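# Coordinates in review
Here's the letter readout for the chains.
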Amino acid sequence: MDSVHYSSGKDDWETPQELFEKLDKEFHFTLDPCSTHKNTKCDKHYTENEDGLMQNWEGETVFCNPPYSKVGKQDQWVQKCYEESKKAGTTVVALLPARTDTERFHKYILGKAEIRFLRGRLYFEIEGKPVLGKNGKPQTAPFPSMVCIWGRDDYGK
């Protein structure tokens, strides 16, 4: 497996469109707070320059696929998802690495969010196309993934 998947330094990996569409059909997202203009999944979105961590998400139904390259930033995004979900009318759905041994998992997810572990490994995309390995085949993420849902039916509040 390419080392790029372990610590890529890239934060523009896109959520697989099929997974997003399935979740969007259920949640009807209104905000993508950590995207680029090219890879956003929602009309309303924040880029790195607009810094979704500093924005108010109140009243939104948020889809969040935070950057994976910087562990400290992942911690900040997960905390932000949890905190914003406590605001009136806000639901936050995040696609995250299933790292159940981390402090962020125990502090902001376990018992506070609905957790859906995904079967198998995801194929992330760039510009709508699967990331290919050296063998020319779509390459899976080197970690399991989960979808965490905060603010739905006041779960864990």
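Here the structure is a predicted model, which is why all the values come from computation and not from measurement.

In terms of helices and strands, the chain carries 3 helices and 6 strands. Starting at the N terminus, the α and β elements of the chain follow one another as α-β-α-β-α-β-β-β-β. Residue burial in the chain is summarised as follows: out of 157 residues, 48% are buried. Intrachain contacts of the chain at a sequence separation of at least 6 include 71% that bridge at least 24 residues. When the accessible surface of the chain is summed, it comes to about 8700 Å², and 48% of that surface belongs to carbon and sulfur atoms.

Our next topic: the side chain of Gln 74. Position of Gln 74 relative to the elements: it lies in helix 2 (residues 71-85). For Gln 74, a relative accessible area of 3% puts it in the buried group. Aside from chain neighbours lying at most four places away, what touches Gln 74 is Pro 67, Tyr 68, Pro 97, Arg 99 and Arg 104.

Applying the stated criterion across every chain, the model contains 6 salt bridges. When the shortest N-O distance is used, the salt bridge between Arg 116 and Glu 114 registers 2.8 Å. Here the salt bridges share partners, and the residues they tie into one network are Glu 26, Glu 114 and Arg 116.

Counted by the stated rule, this structure contains 6 aromatic pairs. With a centroid separation of 5.8 Å and an interplanar angle of 25 degrees, the aromatic rings of Phe 27 and Phe 29 are classed as stacked. Taken individually, Phe 27 and Phe 29 each receive the classification buried, so the pair is uniform in this respect. In this structure an aromatic cluster arises from ring pairing among Phe 20, Phe 27, Phe 29 and Phe 63. Over the ring of Trp 57 we find Lys 80; its NZ or CZ atom is 5.4 Å from the centre of that ring. The ring of Phe 143 carries the charged tip of Arg 99 above its face, separated from the ring centre by 4.9 Å.

Inspection of the secondary structure puts Tyr 82 in helix 2. On the basis of relative accessibility, which here comes to 16%, the residue Tyr 82 falls in the buried class. The spatial distance from the C-alpha of Tyr 82 to the C-alpha of Lys 107 is 9.6 Å, given a sequence separation of 25 residues. Every residue in contact with Tyr 82, bar those within four places of it in the chain, is listed here: Tyr 108, Lys 112 and Trp 150. Of the polar contacts made by the side chain of Tyr 82, one reaches the side chain of Lys 86; its length is 3.4 Å.

Turning next to the environment of Phe 105. With respect to the helices, strands and loops of the structure, Phe 105 is situated in helix 3 (residues 103-109). When the C-alpha atoms of Phe 105 and Val 78 are compared, they prove to be 8.4 Å apart, with 27 residues separating the residues in sequence.

A word on the side chain of Thr 91. Secondary-structure assignment places Thr 91 in strand 2 (residues 91-97). You can call Thr 91 buried: its relative accessible area is 15%. Those residues in contact with Thr 91 that lie beyond four places of it in its chain are Phe 27, Glu 60, Thr 61, Val 62, Ile 149, Trp 150, Gly 151 and Arg 152.

Okay, the state of the cysteines next. Counted by the stated rule, this structure contains 0 disulfides. Summary of cysteine pairing: Cys 81 is not part of a disulfide, and the nearest cysteine sulfur, belonging to Cys 64, is at 3.8 Å. Classification of Cys 81 by relative accessible area gives buried; the value is 1%. We note that Cys 148 lacks a disulfide partner, and the nearest cysteine sulfur, in Cys 81, lies 8.5 Å from it.

Procedures and definitions
Counting restarts for each chain, with residues numbered from 1 along the sequence as it is written. Two thresholds apply to this predicted model, a pLDDT of at least 70 for residue-level local features and 80 or more for giving and counting side-chain atom pairs, whereas whole-chain, interface and lining totals are computed over all residues. Note that water and hydrogens are dropped before the side-chain values are worked out from all heavy atoms of the structure. Only runs of H or I of at least four residues qualify as helices and only runs of E of at least two qualify as strands under DSSP, and these elements are numbered from the N terminus. Only protein chains enter the accessibility calculation, which uses a 1.4 Å probe; a residue is then buried when its area is under 20% of its type maximum, exposed when over 50%, and partly exposed in between. Throughout, a residue-residue contact means that at least one pair of heavy atoms, one from each residue, lies within 4.5 Å. Using a 1.4 Å probe, the Shrake-Rupley method yields the accessible areas, and only the shown protein chains count as cover for residues. We define a salt bridge as a contact between a side-chain nitrogen of Lys or Arg and a carboxyl oxygen of Asp or Glu at a distance within 4 Å. Planes of paired rings set the category: under 30 degrees apart is stacked, over 60 is edge-to-face and the rest tilted, where pairs are Phe, Tyr or Trp rings (Trp by its six-membered ring) whose centres lie within 6.5 Å. Two conditions define a charge located above a ring, namely a distance within 6 Å from the ring centre to NZ of Lys or CZ of Arg, and an angle within 35 degrees of the ring normal. Within 3.5 Å is the distance limit for a polar contact, defined as a pair of N or O atoms, with the added protein rule that one can donate a hydrogen and the other accept it, and that residues adjacent in sequence qualify only through two side-chain atoms. Disulfide: a pair of cysteine sulfur atoms within 2.5 Å of each other.

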